[in-house]
Amino acid sequence: MDEPVNLLESELAEALRLRTLRVEFQPQFDLASGRGCGVEALARWVRSTGEIVAPSVFIRVAERAEMIHALGAWVLHSACATASAWCSRAAQPTTLSVNVSALQIDEFFFSAIERTLEQTGFPAKQLELEITESALIANLALSIEHLKAWKQLGVRIAMDDFGTGHSSLSSLSRLPVDRLKLDRSLVQRMTLDRKGAAVVRLVVSLGAELDMEVIAEGLETEEQLQMLRDFGCPQAQGYLLGRPMTAELVQVALGKTWGNRAMPLRARVGGAVRESQRIDRSAASSKRSTMSAHEAAHATIWHRAPMLNP
Ligand code: C2E
Ligand code: MG
Ligand code: MG
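Residues numbered from 1 in each chain as written. Chains lettered and ligands numbered in written order. Predicted model: local features only at pLDDT ≥ 70, side-chain atom pairs only at ≥ 80, totals over all residues.

### Things to note about the nonpolar core
Okay, step 1: Formed by 71 residues in total, the largest nonpolar core has its most connected members in Ala79, Leu182, Leu228 and Ala236.
Okay, step 2: Top contributing element to this core by residue count: helix H3 (residues 68-89), with 7 residues.
Okay, step 3: Among residues more than four places away in sequence, those in contact with Leu182 are Phe162, Gly163, Val187, Val200, Val203, Val214, Ile215, Ala216 and Glu217. (Core = buried A, V, L, I, M, F, W, Y, C linked by C-beta atoms within 7 Å. Buried ≥ 20, exposed ≤ 12 C-beta atoms within 10 Å, placed from the backbone. Helix = DSSP H or I, 4+ residues; strand = E, 2+ residues; numbered from the N terminus. Contact = placed C-beta atoms within 7 Å.)

Put into C-alpha cells, the structure is as follows:
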C-alpha cells in the first residue's frame, strides 16, 4: 500500500523538478453583465504513463511529502507569468485566483508572493489567493496574522469552499476576506428544496453585508443559473459557463481581450450603470446583490455554454 504512495511522491518530485506540471484556467463570470471577471488557476499533473492524477490526490501527496511549498510557489509563478501577458492587453481588470494549501499559510509564502509579483510584473490587486474555509478556521489567529501580511502586498483573499467547513460567522467577520466562494454542494442543493435555496440567498446577503464579493462554484445547469441571478448572486463559475482549459482557450472564453466580452443585450439596454460599477467591484457586488428578481430575470446572459466550453 505504501509503495504506490512512495512512487507517486518520487514521480511528483521529478515532475516538479522537470516542470512537467501544467496549469489550467477556469473562467469566472459576472452574472449581471455576462462579462468574464476572472479565472481560477488549477494545477494539472499527467504521469509519464499518461495517467491523469486528480489535484485532490497529488496536492495531498505534496502536502505529506513537504513538497507543497515548492509546488505552490511554482503554480503561483506559472499562473502569474501566463496571465500578465493577458493583463497588459486587457480593457478591464480581471482577477487571477490561485489556490493555496493550509500548509502554505506561513511567512515563506509571503516571500513567494513578493518574489512572483516582482518577477512577473503581475498587478498585485488582480491576484487573489484562495484558501479553504476549513484551513482558515482551523488556525484562526495565525491565519488572520498571515493573511493581513499578505494583503499588505496588495493581493486579495478568497475563502474557498464556503459552506462546507464550520462556517463560523464570528470568524468570518474577523478574517480579511474579499470574496466568498460558495461551495458546489450548496449550489447543487439550492434547486432541490426551499431550505437549500434559503442558504444560498443568505450567503449572498451575508457577502453584501460584510462587503465581500460572492461567487458561486460548480454551476452546471440553467436552472441553477436562473436561481443565482434571481438571488442577485454577483458572480459564478462552473461547467455550464466554462470548464478548466488552457491559457489560450480561456482568453477566447472571456472575450478577445482580457475582460472585454461581447456586450450582452442587457448591457446594451441599460448597461451604462453596471459598466461603471465594474470599476469598483466591491461596491458593484453589494449593489448587484440587492438586484430585484425582475431585474435579474431580464439581465440577459451571454453566449450559450457550448460556445464557452472547449
Ligand atoms: P477548488 O479550488 O474548489 O476548485 C474547483 C474544482 O471544481 C476544480 O476541480 C474544478 O475543475 C471543479 N469544477 C469547476 N466547475 C465545476 C462544475 O461545474 N462541476 C463540477 N463537478 N466540478 C467543477 P479540480 O481541478 O479537480 O481541483 C480540485 C481541488 O484541488 C481544488 O478545488 C483545489 O482545492 C485543489 N487544487 C487544484 N489546484 C490546486 C493548486 O494549484 N494548489 C492547491 N493548494 N490546491 C489546488
Ligand atoms: Mg479554488
Ligand atoms: Mg472550491
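### Side note on helix H4 (residues 107-120)
Okay, step 1: With 14 residues, H4 extends 20 Å between its outermost C-alpha atoms, agreeing within 8% with the 20 Å of an ideal straight helix rising 1.5 Å per residue.
Okay, step 2: All of the buried residues along H4 are Phe109, Ala112, Ile113, Thr116, Leu117 and Thr120. All buried residues of H4 fall inside an arc of 125 degrees around its axis, so they share one side. Along H4, exposed side chains directed more than 90 degrees from the buried face belong to Glu107, Phe108, Ser111, Glu118 and Gln119.
Okay, step 3: Of the residues one or two after H4, Gly121 is the one with positive phi, at around 70 degrees. (Expected span 1.5 Å × (residues − 1). Arc of directions from axis to C-beta.)

### Description of the confidence of the model for the protein chain
Okay, step 1: In the predicted model, the protein chain carries a mean pLDDT of 83, and the fraction of residues at 70 or more is 79%.
Okay, step 2: Counting interchain partners and residues more than four positions distant, the pLDDT-below-50 stretch residues 256-310 has 98 contacts. (pLDDT = per-residue confidence, 0-100.)

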